[in-house]
Structures are given as structure tokens and as C-alpha cells.
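The lines below spell out each chain.
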Amino acid sequence: MKLLLILVTFAFTFGFLPGEAQAAGKKETAKDSGKPTFGIVHITFNSIFTYNSVRYQSFDPSYRKEWKRLSNKYDFNLIEVEGGVAFDTTSMAVRRLIALNVDAILLFQHEPAITRAAVKQAQSAGIPVAVHGIRESDGETAPYIGFTEYKTCYELGKRFAEYFREKNPGIKANVLVLNARTVISNIERERGFTDGFKSVITDSVFIHKYEDTGSADSARNVVEATLRGRKDINIIYATSDLRAQGALSALRMYSGPRNNPILIAGVGGSAGAMRQVTNPKSPWKGEVGLAIKEAADKSYEVLNKMISGEIPVKSNKEFLVESYVFVNPTIKEGEEYLKKNHGIDLNP
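Read on for an overview of the structure. (Residues numbered from 1 in each chain as written. Predicted model: local features only at pLDDT ≥ 70, side-chain atom pairs only at ≥ 80, totals over all residues. Heavy atoms only, no water.)

Concerning the pattern of salt bridges
Okay, step 1: Under the criterion given, the structure shown has 14 salt bridges.
Okay, step 2: Among the salt bridges present, the one from Asp 217 reaches Arg 220, with a minimum N-O distance of 2.9 Å. Here Asp 217 pairs with Arg 220, and both are found in helix α6 (residues 216-229), just three residues apart, close to one helical turn.
Okay, step 3: Through salt bridges with shared partners, a single ionic network connects Glu 66, Arg 69, Lys 293 and Asp 297. (Salt bridge = Lys/Arg side-chain N within 4 Å of Asp/Glu carboxyl O. Helix = DSSP H or I, 4+ residues; strand = E, 2+ residues; numbered from the N terminus.)

Side note on the environment of Val 327
Okay, step 1: Summarising the element assignment, Val 327 is placed in strand β18 (residues 324-327).
Okay, step 2: A sequence separation of 40 residues divides Val 327 from Glu 287, and the C-alpha atoms of the two residues are 6.5 Å apart.
Okay, step 3: What Val 327 contacts, discounting residues up to four positions off in sequence, is Leu 156, Arg 159, Phe 160, Tyr 163, Lys 285 and Gly 286. (Contact = heavy atoms within 4.5 Å.)

Thoughts on the packing of aromatic side chains
Okay, step 1: Scanning the entire structure with this criterion turns up 18 aromatic pairs.
Okay, step 2: Ring geometry for Phe 160 against Tyr 163: centres 6.3 Å apart, planes inclined by 35°, an arrangement best described as tilted. Within this pair, Phe 160 and its partner Tyr 163 are both found in helix α4 (residues 149-167), separated by three residues, close to a single helical turn. Of the two residues examined, Phe 160 and Tyr 163, each falls in the buried class.
Okay, step 3: By way of ring pairs, the aromatic residues Phe 160, Tyr 163, Phe 193, Phe 197, Phe 206 and Tyr 237 are connected into one cluster. (Phe/Tyr/Trp six-rings, centres within 6.5 Å; stacked < 30°, edge-to-face > 60°. Buried < 20%, exposed > 50% of the residue type's maximum accessible area, 1.4 Å probe, protein only.)

In C-alpha cells, the structure reads:
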């Protein structure tokens, strides 16, 4: 009989010695139960994490809300642990779930090599594992659940170009791109937006700036420095909400000359971003809102099918969900997205 594990959250920090873990939620209890038990290894329980000195926005808090909803709806046991972006802490998290005899594992990760090692670890224990966040590098295979990064950002670029042309007839589009280009998702986001935008405005000019830390402060500095040398920039595309927030701050603080108003587009769908794109006075007019609810639903579906044998444990199949594209959205559209995917109000 599987262990009954009432929603337990274990926080793993980088300072733990091997085998140590600290409870961050309810104390675990165990008794016989016929319910399935799902284990989830999150990168972090917070809204931001750092990888290779670059800051990334994390929607794991919203994913956790969705998994809580799923566990209540389908009556299964849920264990969530924090693995970070390191071999030892991720391995520790997976070992903990193996020891607790879970039926399947969903692994969030940001580093392909760590993903490969963790997948092998779970599969060696006979536990089905699916991956979310980044595809693993060559080696062990496991189903992957993710977002249609290129396709969605292509649509954002296309619609944003149409919006720009409508608002600025006869004006040449000069686009500043903020991106670190350190992970596949960021590369696909930049490539998708660029291709989509150029499909509408073929003579648009893209100025690609390597924004190396992913913080709002770093993005602000890059934008300010670029504006001093390029007064013709009229669009800023940021591959994360943190970068877009930095760009917005730069525009508010920059007092130098510029030829035209500047519009901003970002990726993420955070509450702060949605409040900006629904604000008529804000230059932030475009946004990709990640489909958090749909991704959680798809992950649950994939894990169930792996347990039943419908999806092979060692499968390289990808399950991609389409996110939401917003260009100058209404307040109602912003409210509906945030309520559905983050469980929060636009203006709490």
C-alpha cells in the first residue's frame, strides 16, 4: 500500500548537508491508502531564482496553487519539495521522494545536465518521471511538458507589429531586444518575436543587447545606455517581466532626447505586468501570459498516463501548451487571465 502523505512541503536549501531536509509545511503523516501519490520537485518556492548569476522569474508559487487544486479535485496525495538548480540539492529532493515511495515525479529544472541525472535517478528506482522547465540533454529520456515559446512569441511579435504600424503609420520600427540567451526558452522567445514582427514589418531593425543578470536594475542600465546612443529606438522587447520592468523604469527616469515614444512588450504574465499592459497610460502594451493552469493540467494528465503505461516511462515525447498573447488588452482580459492562472485579482 502506498503511503498517505497529506500535503507536505519540504524546503531544501543549498546549505544542507547530505540527507538533511527541513519541513516547511505540515508535519508528514503516514498510513495505508489506495490513493496515488505524486511528488513534485520545484526549483524554488519563491517568485525569483538565480541561475549562472542570472535572475529568472519563477511561477512555481502559482503552479503550487494549481497542484493543490488538482489534488483536491482528483483526491490524490501530494508532496512538494524544493530542489534548486544544483546537482546535490536536486538529487537530495529526488531521493526524498523515492524514499517516500511516490508513484510518479514531476521535475522542474533549468539545467539540462541536472535534469538528465535526476531523471536517471528516478527511473533507476522504477518511478515514472516527467520534466517541466527545460528539455534534458542527451542521455536518459522522459516526457517533457512545456510552453510553445517560439509559436506564442511569434504571435506576440506579429500582433505587436500590427499595433505599432496602426499607432505609428510611416514610422520605421527600431526594436531593442533585452535577453540573456542562456537557456533554450529565452532563445526561442527572442527568435519567435523577431520572426513574427518581421513578418509584418519587413524593414524593421532589431538591436540585440545582451542583458546578463536578468534583474530589473541591470535591464534599466542597459536601456539607459542604449538610449543615449540610439535616439531612434521606439520598441523594447524583453524576454522576461523582470527585464520589461527594468525597461519601464528606464523610460520613466531617462530625460535625454528621443525621436518617438517607446512601446514595451514582455513575456511572463506576472501580476505587475498585467497591471501595466491594461493601464492606458503605460507604454507596456504587449505581453505573453504563460498558461499556468493548462500546464499543470497537462502535467497531471501525463503523469497519470505514465503510471497506467499509456505513455512509456522512457519517452521523448513533448507536450506543449499554448500561452496567452495580449496586445493592449482590456482590464477584463487581464483580470480573467490572472484569476485563472494565478488565482489573484488584477487590483487586489
